[in-house]
Amino acid sequence: MCGIVAYYGPDQAYDFLIKGLQRLEYRGYDSAGIALLDGELKVYKNKGKVADLQEAANGKNISGTRGIGHTRWATHGEPNTVNAHPHLSQSGDIALIHNGIIENYATLKKVLVERGHIFKSDTDTEVLSHLIEEIKDNEQVDLLEAVRLALNEVIGAYAIVILSKNDPNTLIAARNGSPLVVGISDRKGEFYLASDATPIVEYTKTVTYLNDNEIVAIHNGEMTIKTIDNVKKSPFIQELEISLEALEKGGYEHFMLKEIFEQPKSIYDSMRGRFDPQSLTFAMRSLEEYASKIKNLDRIIIVACGTSWHAGLVGEYLIEEFGRIPVEVEYASEFRYRNPIITEDDLVIAISQSGETADTLAALEMAKEKGATIYGICNVVGSSIPRMTHAGAYTHAGPEIGVASTKAFTAQVTVLTLLALGIADIRGSVSRKRLREMFAELNTIPKKVEELLQSCNQKCQEIAEIYKDVPNCLYLGRGYNFPVALEGALKLKEISYIHAEGYPAAEMKHGPIALIDENMPVVVIATKRNYYEKVVSNIQEVKARKGKIIAIVTEGDDKVAEIADHFIEIPDTEDCLTPILATIPLQLLSYYIAVLRGCNVDQPRNLAKSVTVE
Ligand code: G6P
């Protein structure tokens, strides 16, 4: 986590840095800071958000045609002003920003302290700025070489950018494990650096993504790239496809609301061009390439974190139902540390919105080392996971800025549906008739989502008004809607800070039922097709204990509507597609509750969208 930006060029850096940091605030918002170079090196930093930094810099000297900026999600050292980046070297001549973790910082720090270095912060990052200067002075090398040698002593993950008062025509950055993009302007000698492309797209669409263990040096207006082993590299230049409008709120009060309402389009985009309902053919190259492997698969492992893990659970149900292959869904963080059995015959699917989640990446690297085929389902184009997988499918949901994931989840489930059907097609495990029915129904989903957003929005606001002050909430679902219950509960706790738990509906009687009294709201997904009667019984059990039922039901249902305290109708669809629809009112419910509680919906406390630390 943490977001970094940098500018090198003929213009003043300040505005780009501030705007860029605001775009990257989703990566962490504990503190923010900038360094500007214009003869002298000026550093302004503050606990809190970028807006607080702007206030602190107000009236100060903000000139500088080279600059670096940082928005922090605290790992080492509490989120205060001293620990905010940039961090200076011993002499104060070098300023450095960092996203990641320096694992051996304590050892490096000890040696530097013995050599007389005095540290001001509790961060791992400050060690790097001191180390680079120590090497530069001792070895009598230039800044680039000093950075290279320093990085050879570092264990950990980083994206760093360095400015030095004594090298005003140089800007150096490096990457290992944390993302870094370099934007190349049409104007010669102008460069923009950032953790992702969102701060850059307004200025240029020509970029290069740095690879692990690469250092980029901009010196006298020219860019060169080399590895930390001193091997020169040619940059792979590409054009960005993001539009600027996708990064703006577009009239909505929050990004989260905008992203919820974008779902008819994002779901459509995630399936667009990937199947032809007429000819019953798939156009997913990744599936074609691995058809013979898929035919003979004995097992699929899905690894993910957070909301993406919930999508993975839906994926398990889908692939097992249609593809008839056993699927295991793993928390990436657990999977990587328990010496799992992985063979060359396995297909490991990673699901990640950001494509940067450190635990997911590490799990994949381990699986890849053991010979498994790695398939990625990611949203951010060019991010780390798609770059290390053998094959994959982007979700094409567009940039998701709200920290709580919404449209990325429904796009992931859509792509997983296509994947399950594609696998089924390759293995011949479903009939052509069934495939045709599924394609036809999938085609209707964007329209159904659009209608649902209109029909349930007001009701979600009214229910939110009633329950906004509850301390706890339960979510129940069965089958395909069990992961939806988990996701609904996660959404509520993430953005409203209400304690919420999701359970398989039938598990309620094995513990959670003890919590139910007249104050406990229970959100139940009780759609018509499968297990309907069973879920109705579960609702009765809650009602018998005076719990309050908020039911998600299929349009026209009068049975549950009669016993529930509140009900929200969703359009009828295939059982396996209900997660996409049932999730929508749960997103809106959480959103309105959080707004009514005065919470910062887009940037909930303590969270970050892109979790690049373990
Ligand atoms: C963070 C975010 C979640 C997200 C999870 C996994 O915790 O706050 O919204 O689901 O990371 O992220 P990924 O980018 O891998 O989907």
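Note that the structure is a prediction, hence the values are computed from the model and not measured.

What counts, and at which threshold
Residues numbered from 1 in each chain as written. Predicted model: local features only at pLDDT ≥ 70, side-chain atom pairs only at ≥ 80, totals over all residues. Heavy atoms only, no water. Pairing = 2+ DSSP bridges. Helix = DSSP H or I, 4+ residues; strand = E, 2+ residues; numbered from the N terminus. Axes fitted to C-alpha atoms, helices over the stretch in contact; angles between N-to-C directions. Salt bridge = Lys/Arg side-chain N within 4 Å of Asp/Glu carboxyl O. Buried < 20%, exposed > 50% of the residue type's maximum accessible area, 1.4 Å probe, protein only. Near = heavy atom within 4 Å. Polar contact = N/O pair within 3.5 Å; in protein donor to acceptor, adjacent residues only side chain to side chain. Areas by Shrake-Rupley, 256 points an atom, 1.4 Å probe, with all protein chains shown as cover. 1 Å grid on protein atoms, 1.4 Å probe; cavity = no way out; pocket = protein on both sides within 12 Å on 5 of 7 lines; lining within 4 Å. Sits in = over half its atoms within 2 Å of the grid points.

Enquirer: Report on the sheet that holds strand E25 (residues 521–526), specifying residues and quantitative values.
Expert: Taking strand neighbours across the sheet as the criterion, the five strands line up as E24-E23-E25-E26-E27 in an open arrangement whose pairing is parallel. At either margin of the open sheet sits one strand with a lone partner, and together these are strand E24 (499–504) and strand E27 (566–570). Put simply, the sheet's adjacent strands are angled 15° from each other on average, direction ignored. Across six bridges, the pairing between E25 and strand E26 (residues 548–554) is parallel. When the bridges of E26 are listed, Ile525 appears paired with Ile552.

Enquirer: Can you break down the pattern of salt bridges residue by residue, with the values?
Expert: Scanning the entire structure with this criterion turns up 32 salt bridges. As a salt-bridge pair, Arg175 and Asp212 come within 2.7 Å of each other at their nearest N and O atoms. On the criterion of sequence distance, the pair formed by Arg175 in strand E8 (residues 170–176) and Asp212 in the loop between strand E11 (206–209) and strand E12 (214–219) is long-range, its members being 37 residues apart. You can call Asp212 partly exposed: its relative accessible area is 34%. Residue Glu289 is joined to Arg285 by a salt bridge in which the shortest nitrogen-to-oxygen separation is 3.4 Å. Residue Glu289 and its partner Arg285 are located together in helix H8 (residues 285–289), separated by four residues, close to a single helical turn.

Enquirer: Give me the site of the ligand: which residues, what numbers.
Expert: Around the ligand, the structure places 14 residues, and the nearest of them are Ser308, Ser352, Gln353, Ser354 and Thr357. Separating an oxygen atom of the ligand from a backbone N or O atom of Gln353 is a distance of 2.7 Å. In the model, an oxygen atom of the ligand is placed 2.4 Å from a nitrogen or oxygen of the Thr357 side chain. Summarising the interface, the protein chains cover 90% of the accessible area of the ligand, which totals 390 Å² for the free molecule. Its atoms largely coinciding with the cavity grid, the ligand occupies the second largest pocket. Ranked by the residues each element gives to the shell around the ligand, the list is headed by helix H10 (residues 306–323), at three residues.

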